[in-house]
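Fold and geometry: a report
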Amino acid sequence: VFLPDIILPRDASEPIKHEIVAVSTTGSDERVKNWLAEHKVSNAASVKIYNSWEEMLKTGDFDVVYISTPHPLHYEHIRVALNNKRNVLVEKPATMNSKQYEVLSKLAKEKNVVLMEAMWTRYLPAMQYLQKELLPKIGPVRRVYAEFSFPIYSTDMPASSRFLDKKAGAGSLLDMGVYALTWVDVALNSLPDEHASTKVIHANSMPIRGVEGKVDDMNTVIIAKEKAGEQMAVAIVTTSMTMPGSNKPSFYHRFEAKKAAPCVRIEGEKASIAVPFPPIRPQKFEVQWYGHEFLDSEGLEVNEVIEKPVERGWGIWYQADVIAKRVAARQKDGNATVGEVIGEEESLRVLRYMDEARKMSGIEYDPKLEEI
Ligand SMILES: NC(=O)C1=CN([C@@H]2O[C@H](COP(=O)(O)OP(=O)(O)OC[C@H]3O[C@@H](n4cnc5c(N)ncnc54)[C@H](OP(=O)(O)O)[C@@H]3O)[C@@H](O)[C@H]2O)C=CC1
Ligand SMILES: O=C1OC[C@@H](O)[C@H](O)[C@H]1O
């Protein structure tokens with residue numbers, strides 16, 4: 001999904017232009033050439049192909065490396081990239097646990113480069129509007145539901161799939177829960193409230209039935225927001241990768257499924273916001289205003305539909321613009337002596353929620369995948 005989005009045609013006047021200039025693969029050069037041709041990459045002939053990611057990170061000529069390997073490889077791939085003074089955009093979840101990302105965030109600053117988790121949903125127009133315009137108007141948030149279930153698993157899925165292989169980080173909490181927990185983080189932590197804190201107070205997990213290795217499937221995580229010893233809000237997160245539904249149309253086509261229930265609900269003291277499926281790509285909010293000043297002439301709540309569509313493609317390019325603008329500004333400035341981690345606190349909060357939920361619900365991986 002990333003490649004077609006970042007090479008979408010753009011207005012020449014736009015300050016950012018993305019171009020793929022190098023690819024590292026464990027497969028053949030032929031396969032990369034076919035992939036580039038399939039996506040009609042205009043500069044395909046000049047894309048440098050590496051069969052060693054270490055070599056690419058050491059000698060490649062590029063501004064940012066996008067790391068989209070299976071989660072357990074992120075830590076090492078980011079670490080080597082940072083040590084080669086590379087700017088890094090790494091796929092979600094950034095690492096297997098928060099400790100790994102803490103270490104890498106520190107390293108990025110030491111190496112004077114930019115690190116960012118590709119939690120692309122945060123950078124979409126709808127999410128930006130929610131944080132900056134809508135949340136400040138709905139009063140203190142009291143309750144959040146964030147649900148991401150999607151028919152990924154099928155009985156004919158090979159055990160080597162990253163969705164089933166625990167060595168590849170399989171499990172719906174890390175893969176999908178990261179989105180639902182991001183919604184909770186946005187809803188509960190976007191408006192500064194220095195004396196408040198959030199923490200996981202309950203977690204439960206059911207593995208995919210009939211599959212080796214206890215791959216977590218139906219997860220339930222409850223998060224509380226507390227201030228001065230009083231609980232101010234609660235959030236309920238659910239995930240599943242085996243929910244019934246068609247897994248026949250193409251993977252991304254299935255996200256167009258119309259679902260009866262909203263996938264996210266954010267309930268403030270003055271309004272309730274409902275977000276239609278899919279939670280990874282919000283484009284619309286259905287807001288029910290119920291503060292007295294919003295009731296209609298008969299005293300009923302007023303509903304408002306707010307559309308904030310993705311402007312082109314899938315939308316995974318917005319995050320690429322964010323890191324590209326930061327990298328370009330730092331190159332232009334030339335005086336930076338400390339690196340930066342875009343969205344550091346947000347990424348760490350969500351990784352810590354997942355650490356806590358895994359501890360409480362018994363979701364485990366080979367300790368080797370969690371080392372620093
Ligand atoms: N933002 C989004 O919408 C999405 C994000 N993701 C995230 O992207 C990451 C990858 O997911 P996905 O692409 O489905 O995973 P895949 O299992 O398809 O692996 C991605 C690529 O990683 C490379 N790879 C695999 N093993 C190794 C290895 N040992 N050393 C070096 N490279 C390796 C392979 O590239 P090659 O074959 O060329 O060697 C493979 O094609 C995950 O962290 C996932 O969470 C995934 C899907 C959607
Ligand atoms: O990031 C993702 O987006 C779509 C999901 O279904 C996929 O499994 C996940 O990796």
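Residues numbered from 1 in each chain as written. Chains lettered and ligands numbered in written order. Predicted model: local features only at pLDDT ≥ 70, side-chain atom pairs only at ≥ 80, totals over all residues. Heavy atoms only, no water.

**So, helix α7 (residues 172–189)**
Our working definition: The term bend refers to the angle at a residue between two fitted axes, each drawn through seven residues, those ending there and those starting there. Secondary structure elements are taken from DSSP: a helix is a run of H or I of four residues or more, a strand is a run of E of two residues or more, and numbering for both begins at the N terminus. Partly exposed describes any residue whose relative accessible area lies between the buried limit of under 20% and the exposed limit of over 50%, with all areas from a 1.4 Å probe on protein chains only and scaled to the type maximum.
By the largest-angle criterion, Val178 marks the main kink of α7, which is about 45°. α7 sits mainly inside the fold: 18 of its 18 residues count as buried.

**Some words on the UniProt feature "domain: Gfo/Idh/MocA-like oxidoreductase N-terminal" (unreviewed entry) in the chain**
As a reminder, the rule being used: UniProt positions are given in the numbering used here, feature names are shortened, and annotations may be inferred rather than shown by experiment.
The feature "domain: Gfo/Idh/MocA-like oxidoreductase N-terminal" (unreviewed entry), as annotated in UniProt, sits at residues 39–117 in this numbering. End C-alpha to end C-alpha, residues 39–117 measures 24 Å, and it is 42% helix and 20% strand.

**Observations regarding the pairing of strand β6 (residues 141–149)**
The cut-off we apply is this: Note on pairing: two strands pair once DSSP finds at least 2 bridges between them.
With five bridges connecting them, β6 and strand β10 (residues 264–268) associate as antiparallel partners. Across the sheet, residue Tyr145 finds its bridge partner in β10, namely Arg265. Strand direction decides the pairing type here: β6 and strand β9 (residues 230–240), joined by seven bridges, are parallel. Bridge pairing links Phe148 to Thr239 in β9.

**Some thoughts on the site of ligand 2**
Keep this limit in mind: Nearness is judged by heavy atoms alone; a residue qualifies as near a molecule or strand once a single heavy atom is within 4 Å of it. Here the Shrake-Rupley method, with its probe set to 1.4 Å, supplies the accessible areas, and only the displayed protein chains count as covering residues.
Near ligand 2, the surroundings consist of Lys92, Phe150, Ile152, Arg162, Phe163, Asp175, Tyr179, Phe251 and Phe255. Summarising the interface, the protein chains cover 91% of the accessible area of ligand 2, which totals 270 Å² for the free molecule.

**Describing the environment of Asp185**
The criterion, for reference: Within 3.5 Å is the distance limit for a polar contact, defined as a pair of N or O atoms, with the added protein rule that one can donate a hydrogen and the other accept it, and that residues adjacent in sequence qualify only through two side-chain atoms.
Relative to the assigned elements, Asp185 resides in helix α7. Considered as a pair, Asp185 and Trp314 are 129 residues apart in the sequence and their alpha carbons are 23 Å apart. A polar atom in the side chain of Asp185 sits 2.6 Å from the side chain of Asn189.

**Topic: helix α9 (residues 344–361)**
Rules: Here the expected span of a helix is defined as 1.5 Å times the quantity of residues minus one. Residues are treated as being in contact if the distance between any of their heavy atoms lies within 4.5 Å.
If you check α9, its first and last C-alpha atoms are 26 Å apart, about what 18 residues at 1.5 Å a residue would give, namely 26 Å. Glu344, Ser347, Leu348, Val350, Leu351, Tyr353, Met354, Asp355, Ala357, Arg358 and Ser361 are the residues of α9 that are buried. Packing partners of the buried residues in α9 comprise α5 (98–110), β5 (114–118), α7, β7 (196–207), β8 (216–227) and β14 (340–342).

**Observations concerning the site of ligand 1**
Around ligand 1, the structure places 18 residues, and the nearest of them are Thr25, Thr26, Arg31, Lys92 and Arg162. Protein chains bury 68% of the 900 Å² of accessible surface belonging to ligand 1 in isolation. Secondary-structure elements contributing two or more residues to the shell around ligand 1 are α4 (71–83) and α7. In terms of residue count, the dominant contributor to the shell around ligand 1 is α4 (three residues).

**Concerning the sheet that holds strand β11 (residues 271–275)**
Here is the rule: Fitted lines through C-alpha atoms give the axes, limited to the stretch in contact for helices. The angle between two N-to-C directions lies from 0 to 180 degrees.
The strand order across the open sheet formed by eight strands is β7-β8-β9-β6-β10-β11-β12-β13, and the pairing between neighbours is mixed. Looking at strand neighbours, the two that pair on one side only are β7 and β13 (302–307), the edges of this open sheet. Across this sheet, the average inter-strand angle for adjacent strands is 15°, counted without regard to direction. With nine bridges joining them, β8 and β9 adopt antiparallel strand pairing. When the sheet's bridge partners are listed, Thr220 is paired in β9 with Thr238. Relative to the sheet, α9 contacts β7 and β8, its axis offset from that of β7 by approximately 45°.

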